[in-house]
Each structure stands twice: as structure tokens, then as C-alpha cells.
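One letter stands for each residue in the lines below.
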Amino acid sequence: MFRSLVTSVTNSPACEFAGRILSANGGHITQQRGRRRTLTPVPWLPPVNEHVKKSSVGISKVTKTLLETVIEKETQVASTFANHASHQAATSIADIPASSRRVGLVVRKIGMLPQWTKEGGRILCTILEVDENHVVGITSPDSWYKASAIGKRKAFNRHGPMWRVTVGATNQDPTNYTSTYRKKFTRAGVPVKETLGCFLVTEDALPLLGQPLDARHFEVGQYVTATGKTIDWGFQGGMHRWGMRGQPTRRTTKSHRRIGSVGSVGDARIWPGKRMPGHMGYEWKTVSGLEIVRINIDKQVMYVKGSVPGDMGEKLLLKDCLQEEKRLKSGPMPTWTPSLETIEEEPECPEEGVVPKNLLFKETFSPKLFRFTSPSIVYSDADAKKAAGRDKTKAKIAKVKK
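Criteria and thresholds
- Residues numbered from 1 in each chain as written.
- Predicted model: local features only at pLDDT ≥ 70, side-chain atom pairs only at ≥ 80, totals over all residues.
- Heavy atoms only, no water.
- Helix = DSSP H or I, 4+ residues; strand = E, 2+ residues; numbered from the N terminus.
- Buried < 20%, exposed > 50% of the residue type's maximum accessible area, 1.4 Å probe, protein only.
- Contact = heavy atoms within 4.5 Å.
- Areas by Shrake-Rupley, 256 points an atom, 1.4 Å probe, with all protein chains shown as cover.
- Core = buried A, V, L, I, M, F, W, Y, C linked by side-chain atoms within 4.5 Å.
- Polar contact = N/O pair within 3.5 Å; in protein donor to acceptor, adjacent residues only side chain to side chain.
- Salt bridge = Lys/Arg side-chain N within 4 Å of Asp/Glu carboxyl O.
- Phe/Tyr/Trp six-rings, centres within 6.5 Å; stacked < 30°, edge-to-face > 60°.
- Pairing = 2+ DSSP bridges.
- Axes fitted to C-alpha atoms, helices over the stretch in contact; angles between N-to-C directions.
- pLDDT = per-residue confidence, 0-100.

Engineer: Looking at this model, I keep getting lost on the overall build of the protein chain. Mind explaining?
Structural biologist: Check the secondary structure of the protein chain and you find nine helices and 17 strands. Going through the 402 residues of the protein chain one by one, you find that 31% of them count as buried. In the protein chain, the proportion of contacts linking residues at least 24 apart, taken out of those at least 6 apart, comes to 76%. Put simply, the protein chain shows about 27,400 Å² of open surface, and 56% of that area lies on carbon and sulfur atoms.

Engineer: Would you explain the nonpolar core in this entry?
Structural biologist: What tends to happen in soluble globular proteins is that the nonpolar side chains get buried as a cluster. Membership of the largest hydrophobic core comes to 30 residues, with the highest contact counts inside it found for V107, M302 and L318. Mapped onto this core, the elements with two or more residues apiece are β2 (105-116), β3 (122-130), β7 (163-171), β8 (193-201), β10 (223-229), β13 (284-296), β14 (301-305) and β15 (315-320). Excluding its chain neighbours within four sequence positions, the residues that come into contact with L318 are G104, L105, V107, L128, F199, F218, V224, T225, A226 and M302. Listed in part, the eight residues of the second largest apolar core include C125, V293, V301 and F365.

Engineer: Where do I start with the side chain of T335 in this structure?
Structural biologist: Along the chain, the position of T335 falls in the loop between β16 (330-333) and β17 (363-365). Here H217 takes part through its side chain, which lies 2.8 Å from a polar atom of the side chain of T335. Residues within four places of T335 in sequence aside, it is in contact with T91, Q211, L213, H217 and L340.

Engineer: Mind showing me how you'd approach the pattern of salt bridges here?
Structural biologist: Working definition: two side chains of opposite charge can pair if their charged atoms are close together. With the rule as written, the count across this model stands at ten salt bridges. As a salt-bridge pair, D131 and R108 come within 3.1 Å of each other at their nearest N and O atoms. On the criterion of sequence distance, the pair formed by D131 in the loop between β3 and β4 (133-139) and R108 in strand β2 is long-range, its members being 23 residues apart. A salt bridge links K368 to E291; the nearest nitrogen and oxygen atoms lie 3.2 Å apart. Here E291 lies in strand β13 and K368 lies in the loop between β17 and α9 (392-401), a separation of 77 residues in the sequence. Judged by its relative accessible area of 11%, E291 falls in the buried class. Among the charged side chains, a salt-bridge network with shared partners connects D214, R216, E341 and K362.

Engineer: How should the packing of aromatic side chains be read in this particular structure?
Structural biologist: Evaluation of the coordinates by the stated rule reveals four aromatic pairs. Pairing Y181 with F185 gives two aromatic rings, centres 4.9 Å apart and planes at 70°, and the pair type is edge-to-face. Of this pair, Y181 and F185 both sit in helix α7 (residues 179-188), four residues apart, roughly one helical turn. For the pair shown, Y181 and F185 are each scored as buried.

Engineer: Would you mind showing me how to read the pairing of β15 here?
Structural biologist: On a regular strand, one side chain projects to one face of the sheet and the next to the other, so that they alternate. In this sheet, β15 lies alongside β2 in antiparallel orientation, the contact comprising four bridges. Counterpart to L105 in the pairing with β15 is L318. Looking at chain direction, β10 and β15 are connected through four bridges and run antiparallel. Bridge assignment links T227 to a residue of β15, and that residue is L317.

Engineer: Looking at this structure, I do not really get the sheet that holds β4. What am I missing?
Structural biologist: For sheets, the rule is that strands pair by backbone hydrogen bonds, running either parallel or antiparallel. Here four strands make up an open sheet; going across it, the order is β8-β7-β4-β9 and the pairing antiparallel. Each edge of the open sheet carries a strand with a single partner, namely β8 and β9 (212-213). Of the strand pairs in this sheet, β4 and β7 are connected by five bridges, and their pairing is antiparallel. From the neighbouring strand, G137 faces β7, where its bridge partner is T166. Across the face of the sheet, α7 comes into contact with β4 and β8 while running at roughly 65° to β8.

Engineer: Sorry, what's going on with the environment of G331 here?
Structural biologist: Note on placement: G331 falls in strand β16. Residue class for G331 comes out buried when judged on its relative accessible area of 0%. Sequence separation of G331 and I93 is 238 residues, and the distance between their C-alpha atoms is 5.1 Å. Beyond its immediate chain neighbours, meaning those up to four positions away, G331 contacts S92, I93, A94, I96 and E219.

Engineer: Just checking my understanding: could you explain the confidence of the model for the protein chain for this structure?
Structural biologist: Interpretation of the predicted coordinates at a detailed level should be avoided for regions scoring low in pLDDT. Per-residue confidence for the protein chain averages 82 on the pLDDT scale, and 75% of its residues sit at or above 70. Taken element by element, the protein chain is modelled with least confidence in helix α1 (residues 2-10), mean pLDDT 43, and with most confidence in β14, mean pLDDT 97. This stretch, residues 1-33, has a pLDDT under 50; its non-local contacts, to residues over four places away or in other chains, come to eight contacts. In the model, residues 345-350 has pLDDT below 50 throughout and makes three contacts with residues more than four positions away in sequence or in other chains.

See the structure below:
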């Protein structure tokens, strides 16, 4: 009985797979661990040396001028095609079911700036720029499932079948990229983009290929989710990376900021996951429930309440918040197009002290924000509040007199 059991186990597929690994690795089993981050450049960018040689050697001024003219014409044709696609798209302001997933935007973090409420409160906001976003690719769930391991995990999830929609941002010079990378933009009819981002979209919210995406895809007052890489701090010690307090100040020599003992009794090894000095930051992080309080339509800039991951100039993925109490109930489906734009009538005689609208940017504000075209906020003595703590000055004076 024991001999038959051993024979059945050794003939199992798992043992055959393990035998292949042993033969491939020379008889030694090696454990493969996934890296948390990668600092290597993206594969479609040419090496730096090749880029420098190509821009300085072998191209005359006449050829370079001709290439610039051709690239400019191609960009104009692509922009015309994208605008035509946006006008053809059937969009409307409709109710968004809880099962629907709209496409997102690839935005650039500009910085942080405070905004003020009508009561005088201060709101610290992050400024995000929507820089020339276009739909670059649309992959069906079946194709995505067959093509990649990520598609096998995300194409058919608990929310149903999901399409992968690729969005590109920031037009770039196509001569700096490889022909393989440029083909996907040629098929979509859009200019070559610097950054690509992918979103999971349901079938009822699919945009058109090559369609431009506007900042008005989101609305003032709605909540969004921002995903990006955190600030790269490089190699840091235990006190900065993990918040350790360090060693005692006195009776310590050259070990004030060290982490101390890292061993364990009896094991004679370091357990995986031990908090030690190492690379800090540059990890994917998602922040959900951020409110949009202001949108500058002319500059394609959004003001989001709170902070988002990443340093200034970094790209982030912005999409609808999925929290039930903060979910967008009604909005443009599948996205905003110029056909949804409404014309606002300007009064013939503006009020005294009010700046005419033709001298301002076209913007939408949250009702709770203070607009600087309105009269200034005036406070009275009743609005002043006394500090909650006691006045320590009087206590010091009384102590001296005593």
C-alpha cells in the first residue's frame, strides 16, 4: 500500500513540474520574489547615448526642417480626427448605475494652493492638470484575458466583464520613440503621447477610439480617487523610513540613529519583512474620497481638496470614487463632449465693482467657495473668538508679585 501511494505521488503533475524546475536550475530550487518597485526606464524609450547621436549626427538642417513640418501636419490631422470622433460620440447626462465604471484621466500634479470658503475657512487643495488626454486603445475582456496574466485576473472579476481602456497624455516628438511604440497611436489616429494609463471600464461606458477627454469629465462637488507613485526618497535609515526613535543620547557612541539589534533568539536569521534601512517611497498608492471644488475649463485644471501621492510634475490616474456615499449618481456618459456644453447669457450691464466675464477664465466653482470677484468678507467683534487656554502671562506676573 505504501509503495502504491509513493508511485501515485511521484507521477503527479506537481512533481513533474518540480522536476522541470530542478533540471532547469541545475538541481537547486530557487525562490522567485516579486520586486516592489522598478527604477528602470520604460522599454519604448531609446538609450540616452543613441538619442544623443541621432539628434546630432547624420541629419542635415533641410531634412530636420522637413521632418518637423511633417510631424506638425500629422499632429494637426490627428487633432482634427479626434475632434471629429468627439462630435460623433453619443453622450448625455444620465444616471450612472452602481455597476458602471467610467474611464478616468491621466493628470499631472502641479502643486498645492489654498482656497477659501464664504465663511473664511481655509481649504488646502492640490492642482491637477489634464494635459491633452486621448483614448489610445480599447481591449475587449476576451482579448485581454488571452493576452496577459493581468487580464486573466481583471478581465472577468466580481463586477462582471471589464474592458481595458488605455488613455494617453502629453503630446511628444515622435522621433524620440521607437516605431513599435508609435504604431499604437497611428492606429488610434492621435499624436504620440508621453504617458499611458489603463482603466477598467464597463460596456455601457465605453468611449470611442481616439476620442479626446476633457476636465469636465468630472464635475465640481463629486469625489474622485487618485492613484500614483509616492515621492522617491531614495535610501533612508530606520528613523526616517519607519519612524524609529533611535538609540539613547547619552552613553552611546556612533549609534544614535541606528536601529539596534535585529536578531531573534534561536533562529539565527532575519525574518522577511523586518523593518530595516532601505529604499523609501516610489510605491503605488491610492487615495480615495477627494472632493473637486473648482475646475478651470480654459486651462484644463482641477482643484482637489486634500493631498495626492507623488511629487510635483508626476502623473497620476484619476477616476470616479467607488464609495457608496461618495459615488457619482448622475453625470456625462460615457464622457463629456462639446455637444453637452451650455451657453450662459452674460448680463448687459454688469454690477459696479464686478469684473466682466470676458476678462476671466471660464471656471466652475463649488457653492461653498469664496469667489474673488465677490465683495470681501467683513468680520465683526461678535465673530472674534477668545483662545481656549488660560492667559499664562497673568499667572507669571502674580507669581513674581508674590
